[in-house]
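Listed below, chain by chain, are the residues.
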Protein chains: 4
Amino acid sequence: MKVVGHFINGETCIPEGRLQDVFNPSTGQAEKQVLLASEFTVKDAITVAQSAFSAWRNTPVNKRAQVMFRFKALLEEHADTIIELIGQEHGKIAHDAAGELQRGIENVEYACGAPQLLKGEHSKNVGPGIDAWSEFQPLGVVAGITPFNFPAMVPLWMFPLAIACGNTFILKPSERAPSCAIYLASLLKQAGLPDGVFNVVNGDKVAVDTLLCDERINAVSFVGSTPVAEYIYATANQNGKRCQALGGAKNHAIVMPDADVDNAVNQLLGAAFGSSGERCMALSVVVAVGDKIADQLVDKLQTAMLDLKVGAFDNPENDFGPLISKAHQNKVEGHITHAGQQGAAIVVDGRGTSVADHEQGFYVGATLIDRVTPDMDSYKEEIFGPVLQVLRVESMQAAMALINAHEYGNGTCIFTRDGEAARYFSDHIEVGMVGINVPLPVPVAYHSFGGWKRSLFGDLHAYGPDGVRFYTKRKTITQRWPSSGVREGVSFSFPS
Amino acid sequence: MKVVGHFINGETCIPEGRLQDVFNPSTGQAEKQVLLASEFTVKDAITVAQSAFSAWRNTPVNKRAQVMFRFKALLEEHADTIIELIGQEHGKIAHDAAGELQRGIENVEYACGAPQLLKGEHSKNVGPGIDAWSEFQPLGVVAGITPFNFPAMVPLWMFPLAIACGNTFILKPSERAPSCAIYLASLLKQAGLPDGVFNVVNGDKVAVDTLLCDERINAVSFVGSTPVAEYIYATANQNGKRCQALGGAKNHAIVMPDADVDNAVNQLLGAAFGSSGERCMALSVVVAVGDKIADQLVDKLQTAMLDLKVGAFDNPENDFGPLISKAHQNKVEGHITHAGQQGAAIVVDGRGTSVADHEQGFYVGATLIDRVTPDMDSYKEEIFGPVLQVLRVESMQAAMALINAHEYGNGTCIFTRDGEAARYFSDHIEVGMVGINVPLPVPVAYHSFGGWKRSLFGDLHAYGPDGVRFYTKRKTITQRWPSSGVREGVSFSFPS
Amino acid sequence: MKVVGHFINGETCIPEGRLQDVFNPSTGQAEKQVLLASEFTVKDAITVAQSAFSAWRNTPVNKRAQVMFRFKALLEEHADTIIELIGQEHGKIAHDAAGELQRGIENVEYACGAPQLLKGEHSKNVGPGIDAWSEFQPLGVVAGITPFNFPAMVPLWMFPLAIACGNTFILKPSERAPSCAIYLASLLKQAGLPDGVFNVVNGDKVAVDTLLCDERINAVSFVGSTPVAEYIYATANQNGKRCQALGGAKNHAIVMPDADVDNAVNQLLGAAFGSSGERCMALSVVVAVGDKIADQLVDKLQTAMLDLKVGAFDNPENDFGPLISKAHQNKVEGHITHAGQQGAAIVVDGRGTSVADHEQGFYVGATLIDRVTPDMDSYKEEIFGPVLQVLRVESMQAAMALINAHEYGNGTCIFTRDGEAARYFSDHIEVGMVGINVPLPVPVAYHSFGGWKRSLFGDLHAYGPDGVRFYTKRKTITQRWPSSGVREGVSFSFPS
Amino acid sequence: MKVVGHFINGETCIPEGRLQDVFNPSTGQAEKQVLLASEFTVKDAITVAQSAFSAWRNTPVNKRAQVMFRFKALLEEHADTIIELIGQEHGKIAHDAAGELQRGIENVEYACGAPQLLKGEHSKNVGPGIDAWSEFQPLGVVAGITPFNFPAMVPLWMFPLAIACGNTFILKPSERAPSCAIYLASLLKQAGLPDGVFNVVNGDKVAVDTLLCDERINAVSFVGSTPVAEYIYATANQNGKRCQALGGAKNHAIVMPDADVDNAVNQLLGAAFGSSGERCMALSVVVAVGDKIADQLVDKLQTAMLDLKVGAFDNPENDFGPLISKAHQNKVEGHITHAGQQGAAIVVDGRGTSVADHEQGFYVGATLIDRVTPDMDSYKEEIFGPVLQVLRVESMQAAMALINAHEYGNGTCIFTRDGEAARYFSDHIEVGMVGINVPLPVPVAYHSFGGWKRSLFGDLHAYGPDGVRFYTKRKTITQRWPSSGVREGVSFSFPS
């Protein structure tokens, strides 16, 4: 069976070591194995990255950006390979993987602008003959620890910008979807990146903890579940590292009585069920304001869901694919079952879905649950599956109160035509990313991504302007030149 | 004896509670007492600040800035009172306290620019008909914990900007110099700040820990010693707060062979002995490159130091005053003693200094120690006293290696006339604030203050642009309007 | 009779020269005279400003800002005097003059932020060992030529920012309202501005042309009518000066069928009749979409206008005051007459208004004209009086086409509740300042003011960020230090 | 003979019309002809560009940037073709043309960052419930008129950024080097730019005047000689267009007594003679401070110049090539002759240079003239040939006075090791682009290019941040939503 190894110092390497199965969720079969890095291997990668830092840091920023220009072109050229690798290990359909890759490439494009983004501020005459300016210098070796659900996009949120800022990088991707990162590394080398600047180590908690404890790692970016994010953030901080750790979510959409219902239904289908709901920005809760709109919504959603197709990643006619693992499939089905037991109405039931010729695949069908209440477990926890739950309230204030009371604050959305409602909502909702008639308000690459409350640990959001600040440290220089220099000297020396 | 209490909800309050002596270091006498807040009192202040938040946040930013304009005027009007309070409790001479206040006022001026500073970024057409923008919203209740050595300036680094950004604030000043903060609070009220937006609680670790653990506090800014900074940072993070914690320093100046020696000597005197060296930016180590320049420097410093006057805060002819406490006086003298024991040459010895009529004051005279080496305790630790140590090296590289090897990275300086040396130094030195012929490179208020390595815990520096980012959270809004709105509706409704 | 002179080099001066009457429009009487500067006097002022430039330019930016902080405080302290001077010479009621002054003061506040606003951009390592940065340096002597209708605000748009940027300034106010500028100059001196940095010359075309032709003037800011703006812009450019010249306007509001009509009526009254319509941002045309909303609007406006009071500036119960001159009164009444002759319906007629005890004042009452068409003279030209005209169209597209076809493009507004209509309007309308339910969309001082098409000649808008760019010139410095400097020299010199 | 036509609406077109010879300056032979556009053709191009505007403006900025990413890749791929076209018509050697192209490509890279560069500023709560933001909207059809000396780079300063900002563009290149622009147009089409967005018209004053007078052209960027720049600027302004017109130069280098002379000599050779001195940033005057350094400089320059090779563009061993035309060759030789007649010392004389096998080519050899004085014609005028003149002064102040007195203020440089001298120079010199030990201080693409005094007419510099501002107009939107919208409506409708 193929073994997925590491990428260190410009080379793929597959040392002896622990192995773990990598499944194809569409078939339910283990088709590859991934090497789980030892502490020794991770430290070796850090040493390599450390060695590469000085030369890379001193490479003019415009030259560093050239690598990103070429990397973008290579990503576009080899998109099919990347999409296939994502599909095999994650299960998402090609059109969905293509979308993921596209969002990732936009972060590479942003990193191409490093010469503009790294400008400091210069002040003349802060005092008599004194100037001051700021420089944003790279941190050194930084690490990224990324989840299974976006094998290309989330790593691309991190390393292109970090590297363009002059850092060297170690990526630890999810061991459930390890191949994409190795392939990205090979493209980056092809794009002209010097060896050692970007390294990938596959692994599990051993690798993570080595990264978190080694003092040569200066910063850690993480995306995953909230409990792990909290652990990563605390451990990185204890070890003197800068850290941003993005965790879970429970994204609500409010549908107002004046909303364009057909548009809302259309948007919600993709936002709730796309990628089987395995997105931290998945829209998993609808809060309908008033029973009238709630009834319309449930009715139209139910009808529309009849047409949704779940199946293997390699059939482009499917709308979404399997979940990541058997265990996760069981967990999602359990949430549906509990919701029913706790009194919710299961309008469309995706449990027990079987896909022809792929009976072992980890499938759950699109599920719609109505009359959910805030005390139900299925409401409190992140399900991370193709399950859309509907709550009914009688006012916009009640809808907002629900959202503000939830532990997560990643994304949210309102469907309305009314400017005042939209403005009030976006001003007062305690959520970091807000959509107005946009159900997946993932900020574009030149803004920054980040939730509030227990969805993000850290001061700075991911990518975009905050990403630049995260991957650099501020140095402020104040300069005065003593007055009796060569200038006056000369006029003394050469009297007429 | 006068008791210094708290300032909560717009009122001075002096509840029953534990008391601690406040000394006048110039006389060595306890002249006041300070109340040490109980957990109950701190929580009360938090409740008050929490209640004031909603209205203050919704006050237009321009109105919030008006309070800062008036506050600046009041600080200037009442400068003498503030300077007197600083002198009584800290011991610094009036001209030094005036300088401190001036730097503090400049932070109020910066906060006056809040309308400009809080602008988000707006992008039109990030997709067809889709716009996106960012808003920087206040955090809620935030806290500042400040040291004895700048009773006015360090609080002014924090609360004016935090408040102008829309937060409400709780300040816990040093219990050794508690009066200034209370007076600032009264001026802020006079400037029109609504009650509850700014509160002062005096206290000790009880107050600190209450602030660090109460979940309603959203962020903590701290300035003090490194061990405490580390504790504050870890505890705040564990409790889900944003934190920036500024710690200790050991600031080196390199003197190059081409430096203007007289200018360097002149600058070093103030930077080393000003405020008795009780500044985190005090320049306490000189690294002379080559024995020739070292001999000149030591000789000229020794001569110049003869003229330095140490004495009570209220005599403007003094150059600097006492240390903060008897214990600290003993500690500083101990460092001098050890340096001598470990082989350094004590060129000018400030131990045993006695000031006429103030024999109980905590005085140490200006001290110059030559031939210090990196293994000596006096080199490794922050002395925080009027002690300047000289190291001798044979190259600029060796000088820079010394600095880069030290655990602290707050400030540093090079004295040279040479553009290339200055540029190489500022680029490669691992220190956050760099001076070129500027011995105290404290960034002006419109840049940001922060050291590297163990001098600062957190991603963002204090005040200036980083201060704005620290005291706000980013919200990104993505907006699309459904197309079949009133616009087309109208054209359908009124055909010609 | 009192003679209003000049303010040059820190002194009021009243040399011999031509005099012109200054009227009190509320009484219709000439109560003062203004001196009209000769070419000699203007050139003298330029010489003075030129001499003051070098020292002012070299004053650290933070010190320059201090003058603005004090100036703001003085403007607030002496607001009543300024309001009285505005009322006497312009005729606007105290509450209106107070509003004008407030907007002006906000520009002073913005200028207080000069240290932040003047930051250049610094790039490290644009090539190996090469840095580059930009500085925004002052231009030298710059001039402002300002209109009668905002004797305080429009000058305050210009000189505080120009001066804070390091320029010296010559203001030529309207000869119809000359006193305010002189008073502002005296306050600025009191605020600590060095003599010669700010100068006022009163005068007519002789003064204007001297300013436009003297090569020592580097830039000219103008606000007035379009024909004069065009002349100023062309002449300044021919003489090698930077110029921004703001001209006339014809500001339309679209009222959509879904608008809150009562709110719209309320807003329109102030926007149309405030300051007798003598504002370049006055809202003088309503475009109602559909007859239904048009009928409601006209009806409600007519009713509401019964309560409007026109009268002398010194009665605070009046809503608005007289026009600036007898000639202008006649012109405005002529426009009303022509509109009637050309077929429009004069719903409320302000012609022939007489104010008790002030029968000679230049009054025109609030006027409402319905069923105006684009071919009428009253529609094509700027009336600059208390005349609100209503056009009726059948679609939003038709309303926008009207606005886009007009020669002016200063301000505009839409009244709607619908997010989509507002977004489409603001995106596609060919107007520089757009209001959504805001009838007078004058940008706040930290944004910039400027119309499109024939409402502004020049690249950069007035005040705010564009104002900073206008009053400074960009210098870009690229720096490399030869490598064999003192740094390596030292290591060669001191081998171990 | 090959005829170079136009590129309009995505197609090369060669209508009937006036023709003019295009010379190969290396051989002195006319090898092609260029079509000179009629007024009709230019107006046709404008119509095409006007038609393409609406769709292009509404294309999301990220999509517009994609064209620039692909364009950059194509420019790199086809660099040899471009370099050959430049060499044939301009005469510069391949390594020089490659450098030109590289600087041009960097402007395309900057344009790739359009999503970042076009962000407006967003302010929440400028008043109660009122928000305001700015948008930078494209102007419409804009034009570029470019010189012969940079057939690729100067057009690339203009159109990539203009187009990325959403404008459509008409380029009128020099009729002496017309082929490169047509080729760039074909690559841009290949990169996916919609037809009509970028158009090239070749021509002479007829074409220029048509562009300047047609009201559909909104802005004109020009680079050329000062008299033409002045004409272009005045005419464009008269016709209501935004304009930036870059003119001539006389760039001085000051060599200080402490300079590294060998480094200075090395830098000066390239800066003075590269591209035969036909660069607006050519360094054509050396001001030596003190005779000692002057003698060294002249001596070392003379020696070094022996190795310089002048010859045809297609021999890569040549250092520089011919001048653009016979007439210009005569003019340059005339300047040398006059300098000798007026008393200067011609140290190295390039007159009468003949290149084997290319005797008809327009060659002038590298020329060094010492003891030039400010009254000589060769000093006052821009020579635009391979002629380096030396002036001798006795102080840095005298050297700076010379530069500040010259009518041009494009670029300048100082050679020194001294930080103070460099800082004083860069602060006080009246020149827009300043080099410190950098003889050709052309700002990198992410800063902006522009001279002062009669070297640039207009407010905004070329490319970089000023370029973005030049190619966009500011729109400021102020928004308030009436309060009684759907939000409260809902809560009324559904009481519990």
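What counts and how
Residues numbered from 1 in each chain as written. Chains lettered and ligands numbered in written order. Predicted model: local features only at pLDDT ≥ 70, side-chain atom pairs only at ≥ 80, totals over all residues. Heavy atoms only, no water. Salt bridge = Lys/Arg side-chain N within 4 Å of Asp/Glu carboxyl O. Helix = DSSP H or I, 4+ residues; strand = E, 2+ residues; numbered from the N terminus. Buried < 20%, exposed > 50% of the residue type's maximum accessible area, 1.4 Å probe, protein only. Least-squares fit on C-alpha atoms with pLDDT ≥ 70 in both. Contact = heavy atoms within 4.5 Å. UniProt positions renumbered as here; feature names shortened; annotations may be inferred. Pairing = 2+ DSSP bridges. Right-handed = clockwise from strand over helix to strand, strands pointing away. Buried area = accessible area lost by both parts, 1.4 Å probe. Polar contact = N/O pair within 3.5 Å; in protein donor to acceptor, adjacent residues only side chain to side chain. Nonpolar A, V, L, I, M, F, W, Y, C, P; charged D, E, K, R; others polar. Axes fitted to C-alpha atoms, helices over the stretch in contact; angles between N-to-C directions. Parallel < 35°, antiparallel > 145°, perpendicular 65-115°, else oblique. Left-handed = near helix turned anticlockwise from the far one by under 90°. Phe/Tyr/Trp six-rings, centres within 6.5 Å; stacked < 30°, edge-to-face > 60°. Lys NZ or Arg CZ within 6 Å of the ring centre and 35° of its normal. Domains from an automatic or database assignment.

S.K.: Tell me about the pattern of salt bridges, residues and numbers included.
M.R.: Once their charged atoms are close, side chains differing in charge can pair, the charge on each being opposite to the other. Residue and element names in this part refer to chain A. Applying the stated criterion to the full structure yields 124 salt bridges over all chains. Here R18 makes a salt bridge to D204, at a shortest N to O gap of 2.9 Å. Of the two residues, R18 is situated in strand β4 (residues 18-24) and D204 in the loop between β10 (198-200) and α8 (205-213); the sequence distance between them amounts to 186 residues. Its relative accessible area of 39% is what places R18 among the partly exposed residues. Here D204 falls in the buried class, since its relative accessible area comes to 17%.

S.K.: Please set out the relation of the copies chain D and chain C residue by residue, giving values where relevant.
M.R.: Superposition of the two copies of the chain requires a rotation about an axis and a shift along the axis. The two copies are related by a screw operation: chain D maps onto chain C through 180° of rotation and 0.0 Å of translation along the axis, at an RMSD of 0.0 Å. Here the symmetry operator amounts to a two-fold rotation axis. Looking at the interface residues of chain D, 100% of them are also at the interface in chain C, so both copies use one shared face.

S.K.: Can you break down the UniProt feature "domain: Aldehyde dehydrogenase" (unreviewed entry) in chain A residue by residue, with the values?
M.R.: Sites flagged by UniProt as "domain: Aldehyde dehydrogenase" (unreviewed entry) map to residues 20-477 of chain A. Secondary structure across residues 20-477 of chain A comprises 42% helix and 22% strand; the distance between its end C-alpha atoms is 50 Å.

S.K.: Tell me about the pairing of strand β13 (residues 251-255) of chain B, residues and numbers included.
M.R.: Residue and element names in this part refer to chain B. Of all five residues that make up β13, five are buried, and the element is covered over most of its length. Neither face of β13 is exposed, since N251, A253 and V255 on one face and H252 and I254 on the opposite face are all buried. Inspection of the sheet shows β13 paired to strand β14 (residues 283-289) by five bridges, in the parallel sense. Its bridge partner being in β14, H252 is matched across the sheet by V285. In this view, the connection linking β13 to its parallel neighbour β14 by way of helix α10 (residues 261-273) has right-handed handedness. Two elements, β13 and strand β19 (residues 411-415), share four bridges in a ladder whose sense is parallel. The residue of β19 that forms the bridge with I254 is I414.

S.K.: Give a detailed account of the interface of chain D and chain C, specifying residues and quantitative values.
M.R.: At the interface, 62 residues of chain D touch 62 residues of chain C. Of the roughly 5,200 Å² buried between chain D and chain C, counting both surfaces, carbon and sulfur atoms make up 47%. When the buried area of chain D at its contact with chain C is split by residue, D:H447, D:D459 and D:R474 rank highest and sum to 14% of it. One salt bridge connects C:R242 with D:D459, and the closest N-O pair in it is separated by 3.9 Å. Where chain D meets chain C, there are 40 residue pairs in polar contact (both at pLDDT 80 or more). The leading source of residues in the side of chain D that touches chain C is strand β23 (residues 472-480) of chain D, at eight residues. Residue composition of the side of chain D that touches chain C, by class: 24 nonpolar, 23 polar and 15 charged. Both strand β23 (residues 472-480) of chain C and strand β20 (residues 433-436) of chain D contribute to a ladder of four bridges, which runs parallel. Bridge pairing links C:I477 to D:V434 in β20(D).

S.K.: Got a sec to walk through the relation of the copies chain B and chain A? Specific residues and values, please.
M.R.: Between the two copies, chain B and chain A, the superposition gives an RMSD of 0.0 Å; the rotation angle is 180° and the shift along the axis is 0.0 Å. A shared binding surface is used by both copies, with 100% of the interface residues of chain B retained as interface residues in chain A.

S.K.: Before we move on, can you summarise the packing of helix α2 (residues 61-77) of chain B against helix α4 (residues 94-112) of chain C with the specific residues and values?
M.R.: Axis separation between α2(B) and α4(C) bottoms out at 12 Å; the angle between their running directions is 65°. Accordingly, the angle class assigned to the pair α2(B) and α4(C) is roughly perpendicular. Viewed along their axes, α2(B) and α4(C) form a crossing whose handedness is left-handed. Between α2(B) and α4(C), the residues in contact are B:N62, B:Q66 and B:F69 and C:E106, C:E109 and C:C112, respectively. When grouped by side-chain class, the residues that make up the contact of α2(B) with α4(C) number two nonpolar, two polar and two charged.

S.K.: Tell me about the packing of aromatic side chains, and please be specific about residues and values.
M.R.: Geometrically, a pair of aromatic rings is defined through the distance of the ring centres and the angle of the planes. Within the structure shown, the criterion is met by 50 aromatic pairs over all chains. Judged by centre distance (4.5 Å) and plane angle (40°), the rings of A:W157 and A:F449 are tilted. Linking A:W157 in helix α6 (residues 153-164) with A:F449 in the loop between β20 (433-436) and β21 (452-453), this pair joins segments that are 292 residues apart in sequence. The residues A:W157 and A:F449 share a single accessibility class, namely buried. Ring centres of D:F148 and D:F384 lie 6.2 Å apart, and the angle between their planes is 80°; on these two criteria the pair is classed as edge-to-face. One end of the pair, D:F148, is in the loop between β8 (141-145) and α6 (153-164); the other, D:F384, is in the loop between α13 (377-380) and β17 (387-393), and 236 residues separate them in sequence. Members of the aromatic cluster, joined through ring pairs, are A:F71, A:F159, A:F169 and A:F198. Stacked on the ring of A:W452, the Lys or Arg B:K473 has its end atom at 3.9 Å from the ring centre.

S.K.: Explain the environment of D:V364 to me, and be specific about the residues and the numbers.
M.R.: Residues and elements named next belong to chain D. Topologically, V364 is positioned in the loop between β15 (345-348) and β16 (367-370). On the accessibility criterion, V364 (1% relative accessible area) is buried. In the structure, V364 is positioned 35 residues away from Q329 in sequence and 6.7 Å away in space, judged by C-alpha atoms.

S.K.: Describe in detail the domain arrangement of chain A, supporting the description with residues and values.
M.R.: All names here are of chain A. Taken domain by domain, chain A holds domain 1 (2-247 + 455-477) and domain 2 (251-436). When each unit is reduced to the centre of its C-alpha atoms, the spacing between domain 1 and domain 2 is 31 Å. On the domain 2 side, the residues contacting the 25 residues of domain 1 number 27 residues. Both faces combined, the contact of domain 1 with domain 2 buries some 2,000 Å², and carbon together with sulfur accounts for 60% of it. The largest contributions to the domain 1 side of the interface with domain 2 come from S26, I93 and S455, which together make up 26% of the buried area. Connecting domain 1 to domain 2 are one salt bridge. A salt bridge links R279 to D96; the nearest nitrogen and oxygen atoms lie 3.0 Å apart. Counting across the domain 1 and domain 2 interface gives ten residue pairs in polar contact (both at pLDDT 80 or more).

S.K.: Got a sec to walk through the side chain of A:T476? Specific residues and values, please.
M.R.: Tracing the backbone shows A:T476 in strand β23 (residues 472-480). A relative accessible area of 0% means that A:T476 is categorised as buried. A polar contact is formed between the side chain of A:T476 and the backbone oxygen of B:S448, at a distance of 3.5 Å. Look past the residues within four positions of A:T476 in its chain and what remains in contact with it is A:W133, A:S134, B:G432, B:M433, B:V434, B:P443, B:H447 and B:S448.

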